[in-house]
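Per-entry structural report
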Amino acid sequence: MDDVYGRRLIPTEGAKLSGAVTGGTVYGHNSGESLKWAPKVHGWQHPYLSGQWTETNCVMTVSGYRYSLTSDQSILQILWFFIYLAINGEGVLIMLELLNQIDSFVWGPPLLILLVGTGIWLTIRLKLLQVIRLGDALKLIFSAKNDGSGDVNSFKALCTALAATVGTGNIVGVATAVKAGGPGAIFWMWMAAFFGMATKYAECLLAVKFRTVDANGAISGGPMYYIENGLGKKFKPLAVLFAVFGILCAYFGIGTFAQVNSIVEITRISAGIPTIYTGIVLTVLVAVVTIGGLKSIAHVAGKVVPLMALLYFVTTVGILITFADKIPGAVALIIESAFNPTAASGGFLGATVMMAMRNGVARGVFSNESGLGSAPIVAAAAKTKWPAEQGLVSMTGTFIDTIIICTLTGLTLVVTGVWQGELNGAAMTEQAFVMGFPAFGSILLMIGLVLFAFTTILGWNYYGERCVEYLMGVKAILPYRLIFIALIACGPFLKLEEIWVLADIVNGLMAIPNLIALLALTGVVVSETKKYQQHLREQQKQ
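First, a word on what this report is: a plain description of the structure on this page. (Residues numbered from 1 in each chain as written. Predicted model: local features only at pLDDT ≥ 70, side-chain atom pairs only at ≥ 80, totals over all residues. Heavy atoms only, no water.)

For the rest of this paragraph, the subject is the overall build of the protein. From N to C terminus, the protein includes 22 helices and ten strands. A burial count over the protein gives 55% of its 542 residues as buried. (Helix = DSSP H or I, 4+ residues; strand = E, 2+ residues; numbered from the N terminus. Buried < 20%, exposed > 50% of the residue type's maximum accessible area, 1.4 Å probe, protein only.)

Printed below as a string of structure tokens:
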């Protein structure tokens, strides 16, 4: 690439260029007048400036291209370059790229290994509890005695947690993982969920163990409380960090804009409903439910979550019945692709074993949120006097979310063959639904997405509320709810990608203080588990 004077812009050694750089033009003079560089970039990566001083020049690197300037020109030129970026909106693009890089780092191998590694450690310490006690846990969903202190029964606590956990990621995210990592990603998603069940058990047990009562008489619990009360007051900064990250996620990411935009987009595309109408109805519904607090949210979740899970189960099973002859081959392909590279075919570009593993583990963690510390916040409010009992009930949330719902989505994508096509995300899943139900597949998917997204909003509203109460007391709860509703109202009309990426970052950062506490309090988890098992043995003798 040359500037207007014919001087060459040379790629830096080892530089990788994403997207095509076109229309790059340099304006200025050797006399030291200000220089501005106006590149246009097509693709996801955007230009940014970095530089280093030498005795004679300053080297600018923009999207992998280097431009050398004499030292007497560098200060004015670089200053003008940044001013130009800010005025023309390029500064926002630089910020977005920086946030995306941070997001990739936060959700990179170290955190995923820590999350899965914690699950493996707890599985060992708890002696495969998620296998041995799964049957008992599923029975407790409907038969727990609910004879302890708390705000809601165990079933409603589980439904509220599932409301926040089962979201658009179960439909869109699985498709993205399979597209990037091949069918083998589904197997690694199972592995993440298997060990995640032990993690979910431990964090929800601790939530009940260390819960407190706020000034209004409502139960407060979650990672911020078992960090401070379990590890000691000197660890309170970790608890505060978790609460801050939780509020940011509830306000600006998972709990509001991402879900709201999913709802308005799918209703506009599938049913032709104008954005403003969807926005008004959604805001009113959220306001009516959330102003009433946890009991109102849990009441709605207790009815909507089973309904939406049943609807999605019947729909996907109907598709699998239609393609029943392909199910054995699909399962074999999932297992084979988990340990062998998947060749390119059609619109699928191929995937290595590492790609399948990374995408599957990441999808599993994103989907069930085991280790992130969100579900324990509502688990603490369950009516039970045995922390381990609620731990077992909450553990089934990971089983339902990933082992059942995500698996149904993944199998549907594989048996229909849409994973080999050109589409990705929601469009891929929609194609699979249409192949199973040509007349109304799109409408069924729309209903599923709307319900999943709506309940996620309700669940995260409560998570954020408890984090606010921890930091500022009960007086801040009503202002928090009003701001939350206002953000829901604004959500359909905002496209703030930077905020979404930031929320994704803080969502990942929530896991760090939580995992530190889980590892440090493993002994408490094991002790409480033994107490509960001893209680069960004594009951059987009576």
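More follows now that the structure is in view.
It is worth spelling out the pattern of salt bridges at this point. Throughout the structure, instances matching the rule amount to eight salt bridges. One salt bridge in this structure joins R481 and E465, with 2.9 Å as the shortest N-O distance. With R481 in helix α20 (residues 477-490) and E465 in helix α19 (residues 441-472), this residue pair connects regions lying 16 residues apart in the sequence. The pair R481 / E465 is uniform in exposure class, with both members buried. Here E528 and K531 are joined by a salt bridge, their closest N and O atoms 3.7 Å apart. Note that E528 and K531 are positioned in helix α22 (residues 522-541) at a spacing of three residues, about one turn of the helix. A residue is classified by how much of its surface remains accessible, and E528, at 7% relative accessible area, is buried. With a relative accessible area of 45%, K531 lands in the partly exposed category. (Salt bridge = Lys/Arg side-chain N within 4 Å of Asp/Glu carboxyl O.)

Tracing the backbone through its elements, the reader meets S374 in the loop between α15 (353-368) and α16 (375-379). In contact with S374, not counting residues within four places along its chain, are E369, W460 and Y463. (Contact = heavy atoms within 4.5 Å.)

With that settled, the discussion passes to the side chain of T455. When you line up the elements, T455 lands in helix α19. Reaching out from T455, the side chain makes a polar contact with the backbone oxygen of F452 at a distance of 3.1 Å. Once you skip the residues sitting within four places of it in the chain, T455 turns out to touch A163, A164, V166, V304, V305 and M308. (Polar contact = N/O pair within 3.5 Å; in protein donor to acceptor, adjacent residues only side chain to side chain.)

This next bit is on the packing of α15 against helix α17 (residues 387-416). At a minimum axis distance of 9 Å, the contact between α15 and α17 shows a crossing angle of 130°. Compared by their axis directions, α15 and α17 come out oblique. Remark: the crossing between α15 and α17 carries right-handed chirality. Contact with α15, carried on its side by G364, S367 and N368, involves T398, D401, T402 and C406 of α17 and no other residues of that element. Looking at side-chain class alone, the contact of α15 with α17 contains one nonpolar, five polar and one charged residues. (Axes fitted to C-alpha atoms, helices over the stretch in contact; angles between N-to-C directions. Parallel < 35°, antiparallel > 145°, perpendicular 65-115°, else oblique. Left-handed = near helix turned anticlockwise from the far one by under 90°. Nonpolar A, V, L, I, M, F, W, Y, C, P; charged D, E, K, R; others polar.)

According to the stated counting rule, one finds 15 aromatic pairs in the structure shown. A ring pair is formed by Y225 and Y470, whose centres lie 5.1 Å apart and whose planes are at 80°; its orientation type is edge-to-face. Of this pair, Y225 sits in helix α9 (residues 223-231) while Y470 sits in helix α19, placing them 245 residues apart in sequence. Each member of the pair Y225 and Y470 is classed as buried. Consider the rings of F437 and F440, whose centres lie 5.5 Å apart with planes at 25°: the pair is stacked. By relative accessible area, which is 42% here, F440 ends up partly exposed. (Phe/Tyr/Trp six-rings, centres within 6.5 Å; stacked < 30°, edge-to-face > 60°.)

All right, on to the packing of helix α3 (residues 109-125) against α15 then. Taken N-terminus to C-terminus, the directions of α3 and α15 make an angle of 65°; their axes are 11 Å apart at the nearest point. Between α3 and α15 lies a crossing of left-handed hand. Taken together, the residues of α15 that come into contact with α3 (itself represented by P109, L112, L115 and V116) are R358, V361, A362 and V365. Taken together, the residues of the contact of α3 with α15 break down into seven nonpolar, no polar and one charged.

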